[in-house]
Amino acid sequence: MKELPLRRLGPLTGGLVFALAAWALHTTLAEYRYQDMVAYLDALPRANLLAACALTALGYFAVTGYDWLALRYVHKRLSPARVLFASFVSYAFSNTIGLSVLASGSVRLRLYSAWGLSTVDIAKVVAFSAVTLWLGILACGGGALLLEPLDLPELLHLPLRDGRVLGALLLLVPLAYLGLGALRREPLRLGAWELPVPRARLAAAQLAIGAADWALAAAVLYALLPSAETFGFAHFLAAFVVAQVVALVSHVPGGLGVFESVVIALLGGELAAADLLGGLLAFRAVYYLAPLALATALLGLHESAALRARLAFVPRLLGPALPLLAPSVLALMTLACGAVLLLSVASPAEADRLAWLRHWIPLPLLELSHFLGSVVGMGLLLLAQGLQRRLDAAWWLSCGLLGAGIAASLLKGVDYEEAALLGVMLAVLLACRRHFYRRASLLAERFTLPWLAAIAVVGLAALWLGLFAYREVDYSSALWWQFSFGEGGEAPRFLRATVGAAAVVLVFAGARLLRPAVPTLALPDLDALARVQPLIDACPHGYAHLARVRDKALLLGEAGFLMYGVHGRSWVAMGDPIGTAEERRELAWRFRERVEEHAGWTVFYQVSPANLDLYLELGLTLLKIGEEARVPLAEFSLEGRARKTLRNTVARAEREGARFRVLAPAEVLGQMAALEAVSETWLASKATREKRFSLGRFDAAYLAGGPVAVVEREGEIVAFANLWCGGGREELSVDLMRQGPGAPAGSMDYLFAQLMLWGRSQGYRWFNLGMAPLAGLHNRSLAPLWNRFGSLVFGRGERFYNFRGVRQYKEKFSPMWEPRYLALPGGLPLPRILANVAALIAGGLPGVIQK
């Protein structure tokens, strides 16, 4: 039996907890009617609603303190506007979709990295904020339980029934944290990590901010439950905190269903369950959905050209983050719009509005619009992930469905509030057209488990709401064929709409099952190589010729390709994708999705600065791995004082009989035996073996595919280097460099100098000397950990590799240095990925430690 991957346990556990919570909620509300809940919302005083909105604003302002304190902890300074924006966006995400550390952490990584913080600093900010959150909930809950102990029901399965004892235990953790800050000065050590202990004043500020955050959140719900005033805020706060803790540990997105079930279980004996559910629904809208809507509105404002000049600070503040955040935010809001449509279809329409519609539209149009609403709602759920992945087809279909949804909302029950929400979403999508550029098939997109769980949760919630609203209906086969404007037509419309939504899912699933199978990993054959040869010849960069080695798989596009290898879970692309800017972007996304299908790690090795935005867009972290030396050939010569040493080396080699020439591809096969003899002698003298992946190997077919520069002495080849000729004569480079025992001293210097002169005469702009690994990394106290480690190895790692010597050798040709990067997932997999990349280049782990 195949072992279940650990990464899937979280979503599956969350789904199970959600199902149990939904069952508990259903049984708790067995004696109540849907109409009771609607009546409560209609009777809610406007003053209470306004108070809840004001408290929500205060609460989101309070969470700014999380990041403010965290930045003090890591000794970084940012403007208040940036801190406020980062806090608001990250918590709007994490509050709604759950998994607070991952959700808010990913948003912070994208924002703070653009504002100059290192990955280590951002990890500390996320960890510090998570600690603040839990300190606040423990302090707030512990104090409330001590003041107003709850009688915890058996439903929660807690080992303690006495609320006062539980409150005291909860307070022990914050008190211990304060004591640690007051007494300990040395940092905490977790393996190679060192975490400074916050001082007592900072720890106290954490407690205060965290407690204020949770108290304000509870106050929002308290304002939406006017009858809760009968038993006081402290009693209510204790119940709220217990419910939030259970929701947090459940890993259900936003604690949906779990939080509601626990609140009803704890307070159901003092307030009517229907009233509680009505207040909880209002709480979800005010505290969760409204902040998300505000984030979407900010995106729309930024994209509006008319307001851009008037609100000049908005582009400055949001500009770096918008291309990264926009698709995720819009995908989440599209999912929410689909959920609104499905829940609206499942709930009864207002009688007054239906009576008004009766005079204006025929019954068939009402029935059609109701059915269409369910189809559109389910379609939006299925398209949301396509928006997150920037598919243009998902954008077009979403715009069309939102337009149809607006019409359906107005015709099925004059739901102008719902139509307005869909209209705002449509306007924002239209303004953000430029973010959706990928021309990929929707059916080829793999749905991740979290997205499938989110779609299932929304669909089941809509189904439950419909069954709850029409629980008193006597279901029979005749119900399917009942059509009327009155109450007797509501339940049949719900049943038919449910079938429509289910049909959309079945058609979509069937189309995906019938799509072609995902191709298996295979090395290119001669036909594939013939297809990419024109692309190799046209590419201005020499590394494209590595495709001719045929030791890497190829991902082919319409006018480009990407080459990659696999070691362990690391799928490593060699260099940037090759093709136009649009083609590179599409190939990178396709590669990212193919890796995800195999539960791997996406890695791009030795990429250039020109495409860094692409890898950030893919959600990858960037590590500088060295600098590439490029010599401008128009300025290269052997004349002048600076070239005296190199000029003498060339002259000495020629006095010793060295002669330079370039073999055309047609001549190479005739000299293959001589070239092989030089190569084998060189490998034996160095006690080394062929490297792979980022370099070629001695292979007759590979060498014969391009020109080879040779150094001859007395008619025999004593040194050689095969050439990579970039398209448009942009760049000339070498791959294999070998010399035999008969080569005169300085043969490689002689070969390089002559090659540069030859390249200049042929019209090439640059000569690429290759990369100097770990060059250009700085060992400064505030530099990222990777830079400090790389700088240390560069200066003191001669035992393993002559890093400094490689840089100094290339420096004699006066090159221009350009950084090269490794794009990869950050976090815990980083060491394993680095080991996999090294093993891939060395031909296995033994090659990493051997020559």
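Everything discussed here concerns the structure shown above.
The structure presented is a predicted model; accordingly, all values stated were derived computationally and were not measured.

(A) How the structure looks around the side chain of histidine 545. Mapped onto the elements, histidine 545 comes out in the loop between α22 (526-538) and β3 (553-556). Reaching out from histidine 545, the side chain makes a polar contact with the backbone oxygen of cysteine 725 at a distance of 3.1 Å. In this view, histidine 545 contacts Ile536, Tyr702, Trp724 and Cys725; residues no more than four positions away in its chain are not counted.

(B) How the structure looks around the side chain of lysine 810. Within the element layout of this structure, lysine 810 appears in helix α31 (residues 803-811). For lysine 810, which is buried and forms no salt bridge, the nearest opposite charge comes from glutamate 628, at a distance of 8.1 Å. Aside from chain neighbours lying at most four places away, what touches lysine 810 is Ala629, Leu769, Gly770, Met771, Ala772, Pro815 and Trp817.

(C) The packing of helix α4 (residues 64-73) against helix α7 (residues 119-147), seen in detail. Interhelical geometry of α4 versus α7 gives an angle of 130° and a closest axis separation of 9 Å. By the criterion of interaxial angle, the relationship of α4 to α7 is oblique. Regarding α4 and α7, the two cross each other, and that crossing is right-handed. Here Tyr66, Asp67, Leu69, Ala70, Leu71 and Tyr73 of α4 come into contact with α7, specifically with Lys124, Val125, Phe128, Ser129, Thr132 and Leu133. Its residues assigned to classes, the contact of α4 with α7 shows 8 nonpolar, 2 polar and 2 charged.

(D) Local environment of a nonpolar patch on the surface. On the surface, Val165, Leu169 and Leu172 cluster together to form a nonpolar patch covering roughly 250 Å² of accessible area. Within the secondary structure, valine 165 is located in helix α8 (residues 163-183).

(E) Here's a closer look at the sheet that holds β3. Strands sit in the order β3-β4-β5-β6-β13-β7-β12-β11-β10-β9-β8 across an open sheet of 11 strands; the sheet is mixed. Whereas interior strands pair on both sides, the edge strands pair on one side only; in this sheet they are β3 and β8 (658-663). Shown here is a sheet whose adjacent strand axes are inclined to one another by a mean of 30°, direction ignored. Each of β9 (708-713), β10 (716-725) and β11 (731-739) is contacted by helix α27 (residues 672-686), which is oriented at about 95° to β10, the strand it contacts most. On top of the sheet, helix α32 (residues 830-842) reaches β4 (561-567), β5 (570-574), β6 (601-607), β7 (621-632) and β13 (816-824); it is set at about 60° to β6, its chief contact.

The rules behind these values
- Residues numbered from 1 in each chain as written.
- Predicted model: local features only at pLDDT ≥ 70, side-chain atom pairs only at ≥ 80, totals over all residues.
- Heavy atoms only, no water.
- Helix = DSSP H or I, 4+ residues; strand = E, 2+ residues; numbered from the N terminus.
- Polar contact = N/O pair within 3.5 Å; in protein donor to acceptor, adjacent residues only side chain to side chain.
- Contact = heavy atoms within 4.5 Å.
- Buried < 20%, exposed > 50% of the residue type's maximum accessible area, 1.4 Å probe, protein only.
- Lys, Arg positive; Asp, Glu negative; His and termini not counted.
- Salt bridge = Lys/Arg side-chain N within 4 Å of Asp/Glu carboxyl O.
- Axes fitted to C-alpha atoms, helices over the stretch in contact; angles between N-to-C directions.
- Parallel < 35°, antiparallel > 145°, perpendicular 65-115°, else oblique.
- Left-handed = near helix turned anticlockwise from the far one by under 90°.
- Nonpolar A, V, L, I, M, F, W, Y, C, P; charged D, E, K, R; others polar.
- Patch = residues over 30% accessible without salt bridge, like charges linked within 9 Å, V, L, I, M, F, W, Y side chains within 5 Å.
- Areas by Shrake-Rupley, 256 points an atom, 1.4 Å probe, with all protein chains shown as cover.
- Pairing = 2+ DSSP bridges.

Keep in mind these values describe shape, not function.
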